[in-house]
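Listed here are the chains, written in short residue letters.
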Amino acid sequence: MKIKNAIAFVTGANRGIGRAFVEELLNAGAAKIYAAARNTKTLADLVARAPDRVVPVALDVTKPDMIRTAAKNHNDVNLLINNAGIATFEGLIAANDIEAARSEMETNYFGPLNLVRAYTPVLSANGGGAIVNVASIVSHVNFPAIGSYSASKAAVHSLTQGIRAELAAQGTQVFGVYPGPVDTDMSAEFPMDKTPTNTVVQNVLEGIEEGEEDIYPDPMSAELHAGLLSDPKAIEKQAGEMLPQ
Ligand SMILES: NC(=O)c1ccc[n+]([C@@H]2O[C@H](COP(=O)([O-])OP(=O)(O)OC[C@H]3O[C@@H](n4cnc5c(N)ncnc54)[C@H](OP(=O)(O)O)[C@@H]3O)[C@@H](O)[C@H]2O)c1
């Protein structure tokens, strides 16, 4: 998939990694970018940068009717980027109730699932195109300190594999992105090395162009992925040392 002249739809485009997607898609020559956010006012400066190429779209990914409307109104898309996500930083058992786990599933799993289902005919009509799901390195190993988030990201990894097989016949490429810590609001409380958003997204776009189905876009995710391949139990034990507070 070539980024130049692509017509992209990015969820959670107003801040963090989603905002970097809009910026780097512009830099890479995308023809049009639908920048989707819950509050379109937060997109004003992005739109002002390239009013002819950045189109603001109001979208809450937990609202299936809004997703259906977006797919109906913006049907020239050939690159769907499921980026919006939440993290509650709760343990699976330490959490007071299961509402955190449920809300993470709604946003991080059912959101992308509904978007993929709505955009499947659109992508097919536009030559196949591509879907990019922003999962996480914790899709592959549960970090108990963020146990319910890890489970939701494991779910989106499984979704990614499933739709890759289902959509192959219509020529849609499906990419999974598995970042480690990225410097955004989401990771603000974590005192650790974090990769800048634009670096992560540049690596993702490079991976898409090269047809790399599973993208590990930063040093920590690449290192953990290598560890998971060579000794998955050791990585599980290491992650298991970080318990909920
Ligand atoms: N930061 C990391 O270390 C890291 C690592 C691995 C993976 N990721 C993943 O990368 C993606 C982007 O995260 P980030 O770090 O950029 O987080 P962020 O700075 O907290 O931004 C999250 C984005 O998702 C949007 N969002 C949340 N719930 C939404 C909903 N129901 N409908 C529409 N938009 C919604 C937010 O919109 P509002 O402004 O309206 O809240 C915001 O634009 C997420 O899927 C995250 O899980 C992040």
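Relevant structure appears above.
Model, not experiment: these values are computed from the prediction.

K.L.:
Where do I start with the overall build of the protein in this structure?
P.N.:
Looking only at helices and strands, the protein features eight helices and seven strands. For 245 residues, the compact-globule estimate of 2.2 N^0.38 gives 18 Å, and the protein sits close to it at 17 Å. In terms of overall dimensions, the protein has C-alpha extents of about 50 × 35 × 30 Å along its principal axes. Burial statistics for the protein: of 245 residues in total, 43% are counted as buried. Within the protein, contacts between residues at least 6 apart in sequence are counted, and of these 67% link residues at least 24 apart.

K.L.:
Help me understand helix H6 (residues 197–210) in this model?
P.N.:
Turn by turn, an α-helix covers 3.6 residues, leaving residues three or four places apart pointing in a common direction. Look at H6: 20 Å from first C-alpha to last across 14 residues, which is about the 20 Å you get at 1.5 Å a residue. For H6, the complete set of buried residues consists of Thr197, Val200, Val201, Asn203, Val204, Leu205 and Ile208. If you follow the buried residues of H6, they end up packed against helix H1 (16–27), strand S5 (130–134), strand S6 (173–177) and strand S7 (214–215). Looking at the residues trailing H6, positive phi occurs at Gly211, about 75 degrees.

K.L.:
What is the right way to look at the site of the ligand in this model?
P.N.:
As a structural note, the neighbourhood of the ligand is formed by 29 residues, with Gly12, Gly16, Ala84, Gly85 and Thr184 the closest of them. By residue number, the principal contributor to the shell around the ligand is H1, which donates three residues.

K.L.:
Is there a simple way to explain unusual backbone geometry in this structure?
P.N.:
Trans is the common state for peptide bonds, and a negative phi is the common state for residues other than glycine. With a phi close to 70 degrees, Asn5 is a non-glycine residue in the positive phi region. Here Asn5 is to be found in the segment before strand S1 (7–10). A positive phi angle, close to 60 degrees, is found at Phe89, a residue other than glycine. Mapping Phe89 onto the fold places it in the loop between strand S4 (79–82) and helix H4 (99–125). The exposure class assigned to Phe89 is partly exposed, which follows from the 16 C-beta atoms found within 10 Å.

K.L.:
How should I be thinking about the environment of Ala30 in this particular structure?
P.N.:
As for its placement among the helices and strands, Ala30 is situated in the loop between H1 and strand S2 (32–37). Taking C-alpha positions, Ala30 is 9.8 Å from Val54, a pair spaced 24 residues apart along the chain. The residues contacting Ala30, other than those within four sequence positions of it, are Ile3, Ala6, Ala8 and Leu25.

K.L.:
Honestly, the nonpolar core in this entry has me stumped. Any pointers?
P.N.:
As a rule of thumb, soluble globular proteins bury nonpolar side chains together. Of all hydrophobic cores here, the largest spans 64 residues; its most connected members are Ala8, Val10, Ala35 and Ala36. Beyond its immediate chain neighbours, meaning those up to four positions away, Ala35 contacts Val10, Ala13, Val22, Leu43, Leu46, Val54, Val55, Pro56 and Val57.

K.L.:
Can you help me understand the packing of H4 against helix H5 (residues 147–167) in this one?
P.N.:
Two quantities define a packed helix pair, namely the angle between the helix axes and the distance between the axes. Across the interface, H4 lies against H5 with an axial gap of 8 Å and an inter-helix angle of 15 degrees. Judged by the inter-axis angle, H4 sits roughly parallel to H5. In the crossing of H4 with H5, the sense of the turn from one axis to the other is right-handed. Residues Ala100, Ala101, Glu104, Met105, Asn108, Tyr109, Pro112, Leu113, Val116 and Thr120 of H4 touch H5, and the partners they reach there are Ser148, Tyr149, Ala151, Ser152, Lys153, Ala155, Val156, Leu159, Ile163 and Leu167. Looking at side-chain class alone, the contact of H4 with H5 contains 14 nonpolar, four polar and two charged residues.

Calculation notes
Residues numbered from 1 in each chain as written. Predicted model: local features only at pLDDT ≥ 70, side-chain atom pairs only at ≥ 80, totals over all residues. Helix = DSSP H or I, 4+ residues; strand = E, 2+ residues; numbered from the N terminus. Rg over C-alpha atoms; globule rule 2.2 N^0.38 Å. Buried ≥ 20, exposed ≤ 12 C-beta atoms within 10 Å, placed from the backbone. Contact = placed C-beta atoms within 7 Å. Expected span 1.5 Å × (residues − 1). Near = placed C-beta within 6 Å. Core = buried A, V, L, I, M, F, W, Y, C linked by C-beta atoms within 7 Å. Axes fitted to C-alpha atoms, helices over the stretch in contact; angles between N-to-C directions. Parallel < 35°, antiparallel > 145°, perpendicular 65-115°, else oblique. Left-handed = near helix turned anticlockwise from the far one by under 90°. Nonpolar A, V, L, I, M, F, W, Y, C, P; charged D, E, K, R; others polar.

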